[in-house]
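Below, each chain spelled out in residue letters.
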Amino acid sequence: MSSTNPQLDFVHGTLELRGVEPVQLGLDGWQFDPRAGCYRADGNAYRAAALALHRQQIPWNDQARKWTPTTWQLYEERTPRPYQTEALDAWRSAQGNGVVVLPTGAGKTWLAVMAMHAVQRPTLVVAPTLDLVRQWHGLLRSAFQVEVGVVGGGDHQVTALTVTTYDSAWLHMEFFGDRFGLVVFDEVHHLPGASYCQAATMSMAPFRLGLTATPEREDGGHAVLDTLVGPVAYRRDIVELSGRWLAEYDVERIEVALSDDERQRWQAARETYRSFLRDEQLRLGGPNGWSRFIARASRSERGREALRAYREQRRLALSPEQKYTVVGTLLHQHRNDRCLIFTADNATAHQLSRQYLVPAITHQTKVTERTQILEDLREGTLRAVVTSRVLNEGVDVPEANVAIVVSGSGTVREHVQRLGRVLRKRQGKRAILYELVTADTAEMNTSNRRRHHSAYRDSALRDAKRES
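Residues numbered from 1 in each chain as written. Predicted model: local features only at pLDDT ≥ 70, side-chain atom pairs only at ≥ 80, totals over all residues. Heavy atoms only, no water.

> Is there a simple way to think about the overall build of the protein chain in this case?
Summing up its helical and strand segments, the protein chain has 18 helices and 19 strands in all. For 468 residues, the compact-globule estimate of 2.2 N^0.38 gives 23 Å, and the C-alpha radius of gyration of the protein chain, at 25 Å, lies within 12% of that figure. In terms of overall dimensions, the protein chain has C-alpha extents of about 85 × 60 × 45 Å along its principal axes. Look at the contacts in the protein chain between residues 6 or more apart in sequence, and 72% of them connect residues 24 or more apart. In the structure as shown, the protein chain presents an accessible area of about 21500 Å², 47% of it carried by carbon and sulfur atoms. Side-chain charges in the protein chain split into 60 positive and 55 negative, and the spacing between the mean points of these groups amounts to 1 Å. (Helix = DSSP H or I, 4+ residues; strand = E, 2+ residues; numbered from the N terminus. Rg over C-alpha atoms; globule rule 2.2 N^0.38 Å. Contact = heavy atoms within 4.5 Å. Areas by Shrake-Rupley, 256 points an atom, 1.4 Å probe, with all protein chains shown as cover. Lys, Arg positive; Asp, Glu negative; His and termini not counted. Charge placed at Lys NZ, Arg CZ, Asp CG, Glu CD.)

> Looking at this model, I keep getting lost on the pairing of strand β6 (residues 97–101). Mind explaining?
Here is the key point about a regular strand: its side chains alternate between the two faces of the sheet. Within β6, 5 of the 5 residues are buried, which leaves it mostly tucked inside the rest of the structure. The pairing of β6 with strand β12 (residues 207–212) spans 5 bridges and is parallel. Looking at the pairing, Val 99 lines up with Gly 210 of β12. Relative to strand β13 (residues 232–235), β6 runs parallel, the two being bridged by 3 bridges. Note on β13: the bridge partner recorded for Val 101 is Arg 235. (Buried < 20%, exposed > 50% of the residue type's maximum accessible area, 1.4 Å probe, protein only. Pairing = 2+ DSSP bridges.)

> Sorry if this is basic, but what is going on with the layout of surface pockets here?
Any empty space left between the atoms is revealed when a probe the size of a water molecule rolls over them. By volume, the largest pocket amounts to about 1000 Å³. Looking at the largest pocket, it is lined by 28 residues, and the ones nearest its centre are Leu 284, Tyr 310, Ala 442, Thr 446 and Arg 449. Sorting the residues of the lining of the largest pocket by element identifies α10 (260–280), α12 (301–318) and α17 (443–450) as the ones contributing at least two each. By residue class, the composition of the lining of the largest pocket is 9 nonpolar, 8 polar and 11 charged. (1 Å grid on protein atoms, 1.4 Å probe; cavity = no way out; pocket = protein on both sides within 12 Å on 5 of 7 lines; lining within 4 Å. Points joined across faces, edges and corners; volume = space filled by probe spheres on them. Nonpolar A, V, L, I, M, F, W, Y, C, P; charged D, E, K, R; others polar.)

> Please explain the sheet that holds strand β3 (residues 31–33) as it appears in this structure.
Remark on secondary structure: sheet strands pair via backbone hydrogen bonds, oriented parallel or antiparallel. With mixed pairing, 5 strands are arranged side by side in an open sheet as β3-β4-β2-β1-β5. Each edge of the open sheet carries a strand with a single partner, namely β3 and β5 (61–62). As paired elements, strand β2 (residues 14–18) and strand β4 (residues 38–42) share 4 bridges and run antiparallel to each other. The residue of β4 that forms the bridge with Thr 14 is Asp 42.

> How should the sheet that holds strand β17 (residues 384–387) be read in this particular structure?
Read from one edge to the other, the open sheet built from 6 strands follows the order β14-β19-β18-β15-β17-β16, with strand pairing classed as parallel. Single-partner strands in this sheet number two, and they are β14 (248–256) and β16 (360–361). Across the face of the sheet, helix α16 (residues 412–420) comes into contact with β14, β15 (339–342), β18 (402–405) and β19 (430–438) while running at roughly 140 degrees to β19. (Axes fitted to C-alpha atoms, helices over the stretch in contact; angles between N-to-C directions.)

> Mind showing me how you'd approach the packing of aromatic side chains here?
Given two aromatic rings, one states the distance between the centres and the angle between the planes to describe the pair. One pass over the structure, following the stated rule, counts 12 aromatic pairs. Both rings, one in Trp 290 and one in Tyr 310, keep their centres 5.0 Å apart while their planes meet at 50 degrees; by these two values the pair is tilted. Here Trp 290 is found in helix α11 (residues 289–297), whereas its partner Tyr 310 is found in helix α12, with 20 residues between them in sequence. Residue Trp 290 is classed as partly exposed on the basis of its relative accessible area, which comes to 37%. Taken together, the ring pairs in this structure connect Tyr 273, Phe 276, Trp 290, Phe 293 and Tyr 310 into an aromatic cluster. A cation over a ring is seen here: Arg 47 above Phe 207, with NZ or CZ 5.9 Å from the ring centre. Its guanidinium or amino end placed over the ring of Trp 266, Arg 263 lies 5.1 Å from that ring's centre, counting from NZ or CZ. (Phe/Tyr/Trp six-rings, centres within 6.5 Å; stacked < 30°, edge-to-face > 60°. Lys NZ or Arg CZ within 6 Å of the ring centre and 35° of its normal.)

> Whenever I open this one, the packing of α10 against α12 confuses me. Can you help?
For any two helices packed against each other, one specifies the inter-axial angle together with the distance between the axes. Here α10 crosses α12 at 140 degrees, and the two axes come no closer than 8 Å. Taken together, α10 and α12 sit at an angle that is classed as oblique. Between α10 and α12 lies a crossing whose hand is left-handed. From α10, Glu 262, Arg 265, Trp 266, Ala 269, Arg 270, Thr 272, Tyr 273, Ser 275, Phe 276 and Asp 279 reach across to α12, where they touch Arg 302, Gly 303, Glu 305, Ala 306, Ala 309, Tyr 310, Glu 312, Gln 313, Arg 315, Leu 316 and Ala 317. (Parallel < 35°, antiparallel > 145°, perpendicular 65-115°, else oblique. Left-handed = near helix turned anticlockwise from the far one by under 90°.)

> Would you mind going over the environment of Val 386 with me for this structure?
One can find Val 386 in strand β17. Note on Val 386: relative accessible area 0%, which makes it buried. As for Val 386 and Asp 237, which are separated by 149 residues in sequence, their C-alpha atoms are 27 Å apart. Once residues lying within four places of it in the same chain are set aside, the contact partners of Val 386 are Ile 341, Thr 343, Ala 349, Leu 352, Ser 353, Val 358, Pro 359, Ala 360 and Ile 361.

> Just to check I follow, could you spell out the side chain of Thr 104 for this structure?
Locating Thr 104 in the fold gives a position in the loop between β6 and α4 (108–119). When its relative accessible area of 8% is taken as the criterion, Thr 104 is described as buried. At 3.4 Å, the side chain of Thr 104 and the side chain of Arg 421 are in polar contact. Not counting residues up to four positions away in its chain, the partners in contact with Thr 104 are Ala 213, Leu 246, Gly 420, Arg 421 and Arg 424. (Polar contact = N/O pair within 3.5 Å; in protein donor to acceptor, adjacent residues only side chain to side chain.)

These values are about where atoms sit, not about what they do.
Laid out in structure tokens, this is it:
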């Protein structure tokens, strides 16, 4: 290597180190690149490399970093809640790296604003949807009164304070990963995806903050967050904040029954696909069970019939006629409240929309229409909205106090997110979540799986906790 001072460069999401061998600095993860004549590592190795060089008091040329400290002033004054201050202190004690876990409605976005103001570095905020990008954009412009860039949805403007989607971040981080000292990953549980994680590895940002209400993933991917962002620095759950900082709430599970005709069709369809599974010695549970079923089912007419039967029995379990009746009863019972109705699929959402003249929001709903529907709900022009899964994250409707879960997946995250949609604090508000479950079907097991969270302890235990 050259006898000149060591030098770091940022090239397409990677770091190039010249003038010193990584082993001399005690650095792992670097490999020699004979084509470039340097050692190379992912962009997120920048912090460790810079600290090692400073620690050994080695003069070096930093050609990688393209940011300088900022002097942002906070124009929007808010008194931090005690747990927000605790979370910020915990994150800073962790050297500005880590995940903060707070329930929906607890003020995670404002905590991020506090972190941006504290570290005074150019910041990139990464969010999962364009709706959330718009919300972040509006909040940051109001808080700091500076130009806020947007990358995604047809926009590509990079400024010292920029908001982007996960999709755009992993596509473009190789080009601007050297321009930000802090990166905030909103809904950070998305980050461990095979593509999205590259947004973290290609970024040089020495400060990293992950925000989520539910970091755990069923595939165990949340384990890599320790490396990509940092370990959990602070955590508070719904039951700890409900009452004072979040709305009081109740959870009620309503079991419905299949009609005689639906039960016969359900049993026939279930036997058809289960018979195929037995003959093919397949199990849907476990790793790759569903993939193996699809592969085998595609090879024969009997297999394709089994797949159709599986979908039919699932459809009957998720949306029997009695669920539609119960939804109507609940809408009448809560006719003076603001209701969010959640389904597992668009077809059920559209049928409920037609049957009860309730606007539906799906992934096909145009942004302008979605914005208007939610604004009407806030103002009270609308009393209810039905959606499939697009409102699990990112909707801010403090006035909504009733959630009706008609159907959904078995993931704890989705269920907690749906509860969180109605927990934003408002004077005198008490929220309620109704979960509709078809008795004597696999949906009962699905319901039990997704309720494995402290938020679904019975009301008596929660009330006793608050009173103590």
